[in-house]
Amino acid sequence: MALIIELLGMAVIAALGALAANAGVAHALAKSAEIGGTEVRTAAQVQAETLTATFYYLGGIAALLVGRLVSGRRGRVNIPGHGILPATVAAISIGFALQMSYGDPLHRSLWPGPDFARGIALAGGIAAVVLLLPRDPVALAAPVYGALPVLIVGVFIALALFGRGTEEAEDTLINLAGFQPLELVKLAFVVFLGLFLGRRAAKLRHQRDRLFGLDFPRQRQILPAIAVFLVLFLSFVLVNDLGPLLILSLVFLALFYVVTRAGGWVVAAVLVVAILVAIAVQVPAISGSEKVALRMQMWLDPWFNAQPNGDQGALARWAIAAGHLQGRGLGYAPAYGLPAGHTDLVQAHLAEELGLVGVLLYLFCLGVIAWQGFVVSSLNRTPERMVTAAGLSTLLVAQWLVIFAGTTGMLPLTGVPVPFLSYGKTHLVTFTLVSAMLARLAEDGRAREVTSELLELRRGSLAVLASVLIALAGGVAVAVAQGVVLADQTSLRGAITTLAPEPGYPAGRVTERYDPRFEEIARRIPRGPILDRDDRVIATADAEGNRTYPLGDAMGTLLGPPQQIILRPPWMLERLLAHKVRGYPEREDGNALWLAEVPEGGERLLFIVHSHEEKPEDRARAEAMAGGAPVRLLPLPSPDYRPLLPLLRAGPADREAALARIVADVEARTARITIDARLQKAASDILKRAATRGLAAAAVVIDANTGEVLARAQWPDFDPGDPSLLERLRDPRFHSRDPKFTGYYGAWTDKTGFRGVYQGGSAAKVFTGILAARAGLLGGASSCPLRAGPSFPCVHRDAEGPFFTRPGWYRSVHDHPLDDPHGNPEFVEGMAVSCNVYFGQLGLQLGPEAFERLVDDGLEMGFGRGWYDPGKPGSRDLALTAFGQHASMMSVSQAARMVALVGGGGVYRRCPPSLEKGVPCEEKALLAEPHLVSPVLSGMRAVMTRGT
């Protein structure tokens, strides 16, 4: 009865697998149709190949059913193992559905599903033969087991001489004559160990020494084990692949413990492996394989390694996080989101399409096979059969563990197939044989009499089973953590990697990539328009979705360079308004690269910083590392995709409906700013004319009553809609070859805001006037008449012009050389004639505390309070600051806000840098009463009417 239920279960599982695969192909076809492009197959061809693949798949399962029917009815004292083959069929069915629905079957030549189905047919047929044979695998191998080591060594030598690598890693020699023999070598290794250790079990267990409280086999018994370990390490060197070493080492350790139960050997061996891995981590090149060295670096830093293809770990983690609980559905994963999703990273692909539920189902299948395999081992009738069954079960779990740990970042990623899931026939044959051999060893396997020797082996086998179950439970915990608990955090992270070489970047371009699922969602949401205060268009999109800029070069820098360019300046409106026009903002804590030019073209990465702000210590470090080559800071794009998380987590139908609603609601993605387009264009034209008489010009126009910016222009500037600009900006040396758009901070410097801070000059006299008004030097209470302010002498003159000095100063303070002494001017007159001598003395009377207090209270100067030092009391530096030198640094925007304070009655207003209309501005009353600024305003008028 149990056998009938087992066979029915296999048949039902196979039918469900076929249905799931066909549904996945339908979804993949729909996805491919949306992508478009040159077809390598038609939809009809895909459907025809799907039908053929389904027949191959069902044929392989049918062969297993026939073999199991014969084997299950033949034995007399069978060990219960009715879950082994149903669990195997379930795991194979999951792999079949994943491979059939992978990628883009219409436009991509690689479609692994049909070939995977042929592998199932081959594996099912060979496994059926094993089940049908009258003798079990141990009995068949016993006469030739001595030749197995020679065969194994011969395979490694053949791989070293004639082996080939994969497309991803040509230096890893794992392919031989169209298949990967290392998978079959593992099986031969397990059979050899089962016979070798099983025959010596009693001797190995009883001849032990005790050291440090642990049991060790005696030296003459342990020497063969050490020799095997050395052979394994040598095999790793020969084929340049870490995977076989780890897997076969785990199998060897497990079987040696089953036989000896000597914990000391296991501890020592684990320490040796840990030391070898540590050496490989510290000196990645010791492996001799570029792929192994790269994967070591990826393991140590999966997010910021900046290596070519170094985002493989990030791609896997993004896919796992995207699946969350229930997955995106078979065939719904991005066609090009996980390049190795059919091979090394197929478990990540499983997590994405079937979610945590699918991962747990797969782990359950492995757990059933391993558990029943160890049951077969612990209840079997000979030591050889017991050790072999334990080895087969361990091999299955060790293979899964190594690649699962690599996929999730617990270990370096190694290119070994995932049992029953990965693309490739050899591994399918190998692990289907593992299950068939376990089922065959259960046939007539029960011991008639449990001897002490068998009992000891049973205890060792059950101890390893406990370790296996703990490992699987750990896999469940990691899957829950990465697929659910940390999923949002992982999905939102970026990974810095190096792209393939391209013109201008012979070594590849370093960039930061984000989850392609977010990028696909974002691509489908057109940027909304940017309108001025009266709804005139400043930026919009044409019918093809390309950004257009009606104002042209009137505000290119303020808007920012085209969105295709990596550099996203922090002041650009296209970035600051992203939360509105795109539906998600830019992160404030983005990453940036320090780069150095190289003679052969392009740039090389020096180091990565986690801020877009340039720091003097970082520049000094970069210049030291560059050895004299020009360096620059390159901010990387840093989108904050948190608002798109609900779309990522939604099911396919809900996601499409939500995207349709977002795209249709253009008004919700429309940003309105305080800029007046007509005034902006007029200001830009004025600056262009002014620039013909000088090098550059910049202007900011502010509404003094509200603080809103009405215009913010500079010249030279660029037209962000100019197609030729895009090609120039792609030149990695643009920032040095086109100095018209270059400043201290690199290309596209904003000359009006924080990045355009300059010596204030005489504009700083307004600042000193505000200080005098705050100190009550220019007026009294509101009921008293205004005073003209203090008078200071300007009566001395030398060859450099009017001057004054103080004892101890190394040099006098001068007015313009062409000026005559101004006598004893008061405040308005001193401002009208722009008398440095007057304002220097006024600043000395006010003292540095007045300057510092005004900055502390909120009036911005230069780079902020931490950088502001007006000078000591009575110092020449303080006098210089008072009339516009020394610490009087300011941007054009800061100067405009300072002037607006005078026009606004002493209220300092600062609006958000995004210039969004309707967003409240910060307001601070820096003077007790509005009338106190009247003398300053009078002085400013006098400058225009009768002064300088």
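Predicted model only: the values in this text are computed from it and were never measured.

A. Highlighting the overall build of the chain. What the chain contains, in helices and strands, is 35 helices and 22 strands. Evaluated residue by residue, the chain yields a buried proportion of 55% over its 948 residues. For the chain, restricting intrachain contacts to residue pairs at least 6 apart in sequence, the fraction spanning at least 24 positions comes to 72%. Surface accessibility of the chain: about 38900 Å² in total, with carbon and sulfur atoms responsible for 60%.

B. Local environment of empty space enclosed by the protein. Counting across every chain of the model gives eight cavities of 30 Å³ or more. What the largest cavity holds in volume is close to 130 Å³. Lining the largest cavity are 16 residues, with Gln347, Ala351, Val359, Phe404 and Ala479 sitting closest to its centre. Every element with two or more residues in the lining of the largest cavity is listed here: helix H14 (346–379), helix H15 (383–408) and helix H17 (452–485).

C. The arrangement of a nonpolar patch on the surface in detail. Residues Met1, Ile4, Ile5 and Leu8 make up a contiguous nonpolar surface patch of roughly 470 Å² in combined accessible area. As for its placement among the helices and strands, methionine 1 is situated in the segment before helix H1 (2–35). What makes methionine 1 exposed here is its relative accessible area of 73%.

D. Quick look at the sheet that holds strand E5 (residues 530–531). Read across the sheet, four strands follow the order E7-E6-E5-E11 without closing on themselves; strand pairing throughout is mixed. The outermost strands of the open sheet, each flanked by one partner alone, are strand E7 (547–548) and strand E11 (671–672). Taken together, the two bridges between strand E6 (residues 537–541) and E7 define a ladder with antiparallel strand orientation. Pairing of threonine 540 across the sheet is with threonine 548, part of E7.

E. Region of interest: the packing of helix H2 (residues 43–74) against helix H3 (residues 84–100). Following both chains from N to C, one finds H2 and H3 inclined at 170°, their axes separated by 12 Å at the closest point. Judged by the inter-axis angle, H2 sits roughly antiparallel to H3. The residues of H3 that touch H2, namely those facing Thr50, Ala53, Thr54, Tyr57, Ile61, Leu64 and Arg68, are Leu85, Val89, Ser93, Phe96 and Met100.

F. A look at the side chain of histidine 349. Note on placement: histidine 349 falls in helix H14. In this structure histidine 349 comes out as buried when scored by relative accessible area, which is 3%. Sequence-distant contacts of histidine 349, that is, excluding residues within four places in its chain, are made with Leu98, Tyr102, Ala333, Leu338 and Gly341.

G. Structural context of the sheet that holds strand E18 (residues 801–804). What the three strands build is an open sheet, ordered E17-E18-E19; its pairing is antiparallel. Edge positions in the open sheet fall to strand E17 (796–798) and strand E19 (813–814), since each of these has one partner strand only. Bridging between E18 and E19 involves two bridges; their strand directions are antiparallel. Within E19, the residue paired with phenylalanine 804 across the bridge is valine 813. Strands in contact with helix H31 (residues 836–846) are E18 and E19; relative to E18, the strand with the most contacts, it is inclined by about 15°.

H. Quick look at the pattern of salt bridges. Per the counting criterion, the structure on display carries 37 salt bridges. Across the pair arginine 649 and aspartate 488 runs a salt bridge whose closest N-O atoms are separated by 2.9 Å. Of the two residues, arginine 649 sits in helix H24 (residues 645–649) while aspartate 488 sits in helix H18 (residues 487–492), which places them 161 residues apart along the sequence. Residue class for arginine 649 comes out partly exposed when judged on its relative accessible area of 24%. Given a relative accessible area of 35%, aspartate 488 falls into the partly exposed group. Across the salt bridge formed by arginine 582 and glutamate 586, the nearest N and O atoms sit 2.9 Å from each other. Judged by relative accessible area, glutamate 586 falls into the buried class, the value being 11%. Within the structure, one salt-bridge network assembled from shared partners comprises Arg328, Glu352, Asp515 and Arg517.

I. The arrangement of the state of the cysteines in detail. Counting across every chain of the model gives one disulfide. In this model, cysteine 911 is linked to cysteine 921 through a disulfide, with the two sulfur atoms separated by 2.0 Å. One quick way to see it: the torsion about the S-S bond of cysteine 911 and cysteine 921 is about 95°, and its sign makes the bridge right-handed. With cysteine 911 in the loop between strand E21 (907–910) and strand E22 (922–925) and cysteine 921 in the loop between E21 and E22, this pair connects stretches of sequence that are ten residues apart. Assessed through its relative accessible area of 22%, cysteine 921 is described here as partly exposed.

J. Focus on the nonpolar core. Ranked by internal contacts, the top residues of the largest apolar core, which has 129 residues, are Phe96 and Tyr362. Element by element, the count of residues in this core is highest for H14, at 16 residues. Formed by 50 residues, the second largest nonpolar core is a distinct cluster that contains Val837, Ala850, Met861 and Leu878.

K. Geometry of unusual backbone geometry. Residues tryptophan 715 and proline 716 are joined by a peptide bond in cis, for which omega reads 10°. Along the chain, proline 716 turns up in the loop between strand E13 (709–715) and helix H27 (723–729). At histidine 324, a residue that is not glycine, the phi angle is positive and equals roughly 50°. With respect to the element layout, histidine 324 can be found in the loop between helix H13 (312–323) and H14. Accessibility expressed as a relative area gives 23% for histidine 324, which makes it partly exposed. Unusually for a residue other than glycine, histidine 886 sits at a positive phi of about 55°. In this fold, histidine 886 is placed in the loop between helix H33 (876–883) and strand E20 (889–891). Given the relative accessible area of 33%, histidine 886 is considered partly exposed.

Reading guide: rules and limits
- Residues numbered from 1 in each chain as written.
- Predicted model: local features only at pLDDT ≥ 70, side-chain atom pairs only at ≥ 80, totals over all residues.
- Heavy atoms only, no water.
- Helix = DSSP H or I, 4+ residues; strand = E, 2+ residues; numbered from the N terminus.
- Buried < 20%, exposed > 50% of the residue type's maximum accessible area, 1.4 Å probe, protein only.
- Contact = heavy atoms within 4.5 Å.
- Areas by Shrake-Rupley, 256 points an atom, 1.4 Å probe, with all protein chains shown as cover.
- 1 Å grid on protein atoms, 1.4 Å probe; cavity = no way out; pocket = protein on both sides within 12 Å on 5 of 7 lines; lining within 4 Å.
- Points joined across faces, edges and corners; volume = space filled by probe spheres on them.
- Patch = residues over 30% accessible without salt bridge, like charges linked within 9 Å, V, L, I, M, F, W, Y side chains within 5 Å.
- Salt bridge = Lys/Arg side-chain N within 4 Å of Asp/Glu carboxyl O.
- Pairing = 2+ DSSP bridges.
- Axes fitted to C-alpha atoms, helices over the stretch in contact; angles between N-to-C directions.
- Parallel < 35°, antiparallel > 145°, perpendicular 65-115°, else oblique.
- Disulfide = S-S within 2.5 Å.
- Core = buried A, V, L, I, M, F, W, Y, C linked by side-chain atoms within 4.5 Å.

These values are about where atoms sit, not about what they do.
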